[in-house]
Structures are given as C-alpha cells and as structure tokens.
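# Architecture at a glance
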Amino acid sequence: MSNFFSKKVDGRGIAFFAFILAAVLLAVCVFLKFENTRVVETLESSYTRSFYDLVEYMDDTETLLAKVQISNSSDYAAKTLGDIWRKADLAQSSLSQIPITHISLEKVVQFLNQLSDYSYTLSQGLVDGKALSDDEFRNIKDYYERCKNMNQTLNQLITDMASGSISWEELTRIEQDSFFAQEVSNLSQDSFSSIEENMQDYEGLIYDGPFSEHMTSVEPLGLSDEQYTMEQATEKIYEFVDKSAIKSIVYSEITEATIPVYSFEVTLQDNSKMYVDVTIQGGEVLWCMSNKTVTEEKITIDEAKEAARNFLEGHGISDMQDTYYISENAMATINFAYSDGNIICYPDLIKVKVSLEDGTILGMEAQSYYSSHAKRTYTVPKVSMEEARKKINPNLDIYYEGLALIPTDWRSEILTYEFKGKVEENDFIVYINVETGKEEKIYMIVDTPNGVLTV
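Residues numbered from 1 in each chain as written. Predicted model: local features only at pLDDT ≥ 70, side-chain atom pairs only at ≥ 80, totals over all residues. Heavy atoms only, no water.

Its identity as a non-glycine residue notwithstanding, asparagine 271 has a phi of 70°, on the positive side. Of the residues examined, asparagine 271 reaches a relative accessible area of 51% and is grouped as exposed. Phi angles above zero are rare outside glycine, and aspartate 319 is one such case at about 60°. Secondary-structure assignment places aspartate 319 in the loop between helix 9 (301-314) and strand 5 (320-328). Residue aspartate 319 is classed as partly exposed on the basis of its relative accessible area of 46%. (Buried < 20%, exposed > 50% of the residue type's maximum accessible area, 1.4 Å probe, protein only. Helix = DSSP H or I, 4+ residues; strand = E, 2+ residues; numbered from the N terminus.)

Soluble globular proteins tend to bury their nonpolar side chains together. Core analysis: the largest hydrophobic core is formed by 93 residues, its most contacted members being Leu312, Ile350, Val352 and Met364. Take this core: its biggest share by element is ten residues, from helix 1 (residues 2-70). Among residues more than four places away in sequence, those in contact with leucine 312 are Ile317, Met320, Phe336, Ile350, Val352 and Met364. (Core = buried A, V, L, I, M, F, W, Y, C linked by side-chain atoms within 4.5 Å. Contact = heavy atoms within 4.5 Å.)

Glancing now at empty space enclosed by the protein. Considering all chains together, one arrives at one cavity of 30 Å³ or more under this definition. Volume-wise, the largest cavity comes out at about 30 Å³. If you trace the largest cavity, you find it lined by Leu65, Leu81, Leu115, Tyr118, Ser119, Leu122, Ile140 and Tyr143. Residue assignment for the lining of the largest cavity shows that the elements contributing at least two residues are helix 3 (103-127) and helix 4 (134-163). Sorting elements by how many residues they give to the lining of the largest cavity places helix 3 first, with four residues. In terms of residue class, the lining of the largest cavity is made up of seven nonpolar, one polar and no charged. (1 Å grid on protein atoms, 1.4 Å probe; cavity = no way out; pocket = protein on both sides within 12 Å on 5 of 7 lines; lining within 4 Å. Points joined across faces, edges and corners; volume = space filled by probe spheres on them. Nonpolar A, V, L, I, M, F, W, Y, C, P; charged D, E, K, R; others polar.)

Let us now look at the environment of threonine 63. Assignment of secondary structure puts threonine 63 in helix 1. Looking at threonine 63, the relative accessible area reads 15%, which means it is buried. With 381 residues separating them in the primary sequence, threonine 63 and methionine 444 have C-alpha atoms 7.2 Å apart. Excluding anything up to four places from it in sequence, threonine 63 contacts Met444 and Val455.

Glancing now at the packing of aromatic side chains. Scanning the model with the defined rule gives nine aromatic pairs in all. Both rings, one in tryptophan 85 and one in tyrosine 120, keep their centres 4.7 Å apart while their planes meet at 50°; by these two values the pair is tilted. Placement of tryptophan 85 in helix 2 (residues 74-96) and of tyrosine 120 in helix 3 is noted, with a sequence separation of 35 residues between them. Using a relative accessible area of 29% as the deciding quantity, one classes tryptophan 85 as partly exposed. Look at tyrosine 346 and tyrosine 431: their rings are 6.3 Å apart centre to centre, the planes differ by 85°, and that puts the pair in the edge-to-face class. With tyrosine 346 in strand 7 (residues 343-355) and tyrosine 431 in strand 11 (residues 426-433), this residue pair connects regions lying 85 residues apart in the sequence. Both residues of the pair, tyrosine 346 and tyrosine 431, belong to the buried class. A network of ring pairs unites the aromatic residues Tyr251, Tyr262 and Phe264 as a single cluster. Taking NZ or CZ as reference, lysine 243 lies 4.9 Å from the ring centre of tyrosine 238, over its face. (Phe/Tyr/Trp six-rings, centres within 6.5 Å; stacked < 30°, edge-to-face > 60°. Lys NZ or Arg CZ within 6 Å of the ring centre and 35° of its normal.)

Turning to the confidence of the model for the chain, a few remarks are in order. Looking at the chain, the pLDDT average stands at 79 and 74% of residues meet or exceed 70. The low-confidence segment residues 1-9 (pLDDT under 50) makes zero contacts with residues lying over four places distant or belonging to another chain. Contacts of residues 34-43 to residues separated by more than four positions or lying in other chains number zero contacts, the stretch itself having pLDDT below 50. (pLDDT = per-residue confidence, 0-100.)

Attention now moves to helix 9. Helical geometry: 3.6 residues make up each α-helical turn, so side chains three or four residues apart lie on a common side. The terminal C-alpha atoms of helix 9, which comprises 14 residues, lie 20 Å apart, in line with the 20 Å expected from a rise of 1.5 Å per residue. For helix 9, the set of buried residues is Ile301, Ala304, Lys305, Ala307, Ala308, Arg309, Phe311 and Leu312. Tucked into the core, helix 9 has its buried residues touching helix 8 (230-240), strand 5, strand 6 (331-340), strand 7 and strand 8 (361-365). (Expected span 1.5 Å × (residues − 1).)

The next subject is the pairing of strand 11. Along strand 11, eight of the eight residues are buried, which leaves the element largely enclosed by surrounding structure. The two faces of strand 11 match: Asn426, Phe428, Val430 and Ile432 on one face and Asp427, Ile429, Tyr431 and Asn433 on the other face are all buried. Where strand 10 (residues 413-423) and strand 11 come together, eight bridges link them in antiparallel fashion. Within the sheet, the bridge partner assigned to valine 423 lies in strand 11 and is asparagine 426. Taken together, strand 10 and the strand that follows it, strand 11, pair antiparallel across an intervening segment of two residues, in which glutamate 424 is found at a positive phi of about 55°. Judged from the six bridges that link them, strand 11 and strand 12 (residues 439-448) form a sheet pairing that is antiparallel. Counted as the bridge partner of isoleucine 429 is tyrosine 443 from strand 12. (Pairing = 2+ DSSP bridges.)

Attention shifts here to the layout of surface pockets. Roughly 410 Å³ of volume is contained in the second largest pocket. Taken together, 24 residues form the lining of the second largest pocket, with Gln69, Ile70, Phe137, Asn393 and Asn395 sitting closest to its centre. Mapped onto the lining of the second largest pocket, the elements with two or more residues apiece are helix 1, helix 2, helix 4 and strand 11. No other element matches helix 4, which puts six residues into the lining of the second largest pocket. Its residues assigned to classes, the lining of the second largest pocket comprises ten nonpolar, eight polar and six charged.

This is the structure we're talking about:
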C-alpha cells in the first residue's frame, strides 16, 4: 500500500513538475517573441525616422540648388552653396542608417558625395573672390534636375511605405532595379499624403510664408504697458467672441512664454470649444483655436480672405495685406502682414484660420504682430529701385516689385526691395537691401494644391 501511494505521489510530482516546466518554457517563448517584436519595431521606427530625415534633407537641397541658380550675389551664393554642402552631408548620414543596399540608393550616395564636394569647392572659390562660370552654373542646374528627379522617387517610396503597401523587410530583399522601379511607379501621386494624415490631429496654425519664424522682440512693442487681471482678461474674451454664442468660460492657468498670457477654455452654445490666450500685458487676444469640426468646402479662398480681413478690422487690426495661405481639411490658414503705406512689414504677421464651410473664424495667432508692431522710422534708400533691379539675376523674369521690411535673426529689421519673378517653371522672391544693394534673402514660391507656400 505504501509503495502504491509513493508511486502515486511520484507520478503527481512529475506531472506537476512537467506542467511548471511547460509553463516556464511558454512564458520564456512569449517573452522572447515579445522582445523580438519590440526590437524589430524599434529598428523599423529608427529606419523610418532616418528615411524621413533623408527626404527632408533632399528636399532642402533641391530648394537651395534652385536658389543658387538665380542668385546674383557672390556672398549669398557662397552661403547657399555652404548650406548645400551641409545638407548633402546630413542626407548621407541619414542614408547610412537605412538598411538598403540597393543600386538605386547607392547612386543617391554617389550623387550626394559629388554634390557635397562640388558645392564646397564652389563656395570656397566664391569666398576667395572667384565668380561662378557658365559651366559651373550649368553643372548646378544639372545637379538641381537630378536632385528633383531623385526626390520624386523618394517621396513616392516613402508614401508607399507609410501606406503599408511596402515594408522595410521587402525593401531590404529588393535585388533588381526592375522590381524597385515597378514598386515606386505604382505609388500614389499625392506626395506625403500619409504624413498629412498623421498631422490631422495637430490643431496648431501652420504658416510656410517667408519670415514666419523670425526671432521676436524681447519686449513686445505692440502691447500697452497696462497689466490686466484675470477678470479683466475674461471680459476681453466677451469682446472677442460673440457673447450670445458663449455658454461658459473656464480659466485654465497662466502660461509663461515669450509673452505671458492667461489661458481660458470657452464652451460655446453648440458645445464646441474655443481655447483662448489673453496677454497679461496689454490684455490682447494673442492666440485662439476652435475644435469645431468642418466637413466640406462651400466658399472660395478669396471669400475666406475677406472674412479673415473683416474679422481683423472688427477687432481694431487694420491695414493688413494677405500674403500666403494653406488650405487643409476644409480650413484655410491665411497670413497677413501689416501694410504701412507702400511698405509691407513682414515682422508684423498675423495668421487667421477660416472655415471653408461657412467663413467662421476658427483660430488666430498674433505673436509676431504684437511683438513687432510699432510706429517706425524708415531708412532713406541709397539704392534706387532701378539700381536694385540690375543686381537681380538676369534670368529672373520679374513680375512684381515693391518695398518690404524684413526681419533678421538678430532682432533687427531691414528695408528692402522685394522682387517676385519666374525662372522657367519656378517662382522666386528676392530681397535687395535699399542701403547697400546686398542680396539679403531668396525664397522659392511653391504653388501646391493646398495653397501658396514659400521655402
């Protein structure tokens, strides 16, 4: 009898031990599978980030190559070529972190090496007082065309990857040019459509016009010295938003930024929310944003511009000229610069977001305006418009010219002549200093399906 129980106990013990062992092995397998998945996902995330960086640097390089072609200033051309040298090197660094050894991307590496060396050599020659020859300009144009073509392929490829139709695993298995060409040729024509989808949740105002990110003044010039209390700031909201449309206002906090503000959450009668920042100094609405949903476009961009202009004038902000805009998800963000007589003052910038469904104002951002707006005394030009025009690259077919005040990175402002023109299929803006005749800035104008942007 005792042997029977002993054997029974031993059998149960073995079975229990086997169960525990199996459970441990299962847990280890699950853990290893989880760790392997986590490592793979981390690597793929790193590869994707590097690929996005590559595309960004390549796009920047294309734009800089276009600018060099119309520059008529050795100093500006030298600086731009130096920027190309750096961007090409950054693109190479990003490419080196991507696990694709396919011949097509190897050609990109070769191209970037040549471009980096060539742009550095040209920039150093310009610094030493040499001028770019006709052959060198032709070479730059050739690099530009090659860069543009490569970017079309890379942009198509990154769109396909983001949509899930091609993966890193597939890309690393690619052996033949024909397969690569077939994959990229089947891509959507809407470049970066997946990136735009990922940005739909971002509610910030987007601005891609010139001087949108210049350094603002330490002391805001457009605000009065009066210090507002939270209660006074609340009353300012009633002046800014139709009082009958407001259900409630909840004070959130003081936000310490370049310009300190009181932050509020406003609930409207339709239960949509509007978030509003009112400056402590001066009591002005610095920023507001609605979370109202817009579903379809019923009004034109020109009608939206008129609605935005009427909105600004209704709140005491006059003499504003619309410059550039972007339209996304049935909403338009329109950018206004202050017009002081015949001078466009780009430092005094306001962005207004308008519903293309009914013209409702959905948002505003006025930090640049209140940082910079003040009564100004302008430099008397020492260079005439005619003399400045002669300093423009003769290949630029000018269709607009005027005076413009532009900001610098050193919190100062420069009065310039603004020339807009065309070279082949590309539009540019060139700024010439009215005192020195120096070429201060060059921007490329990009007319996209979503709006007119500058880079």
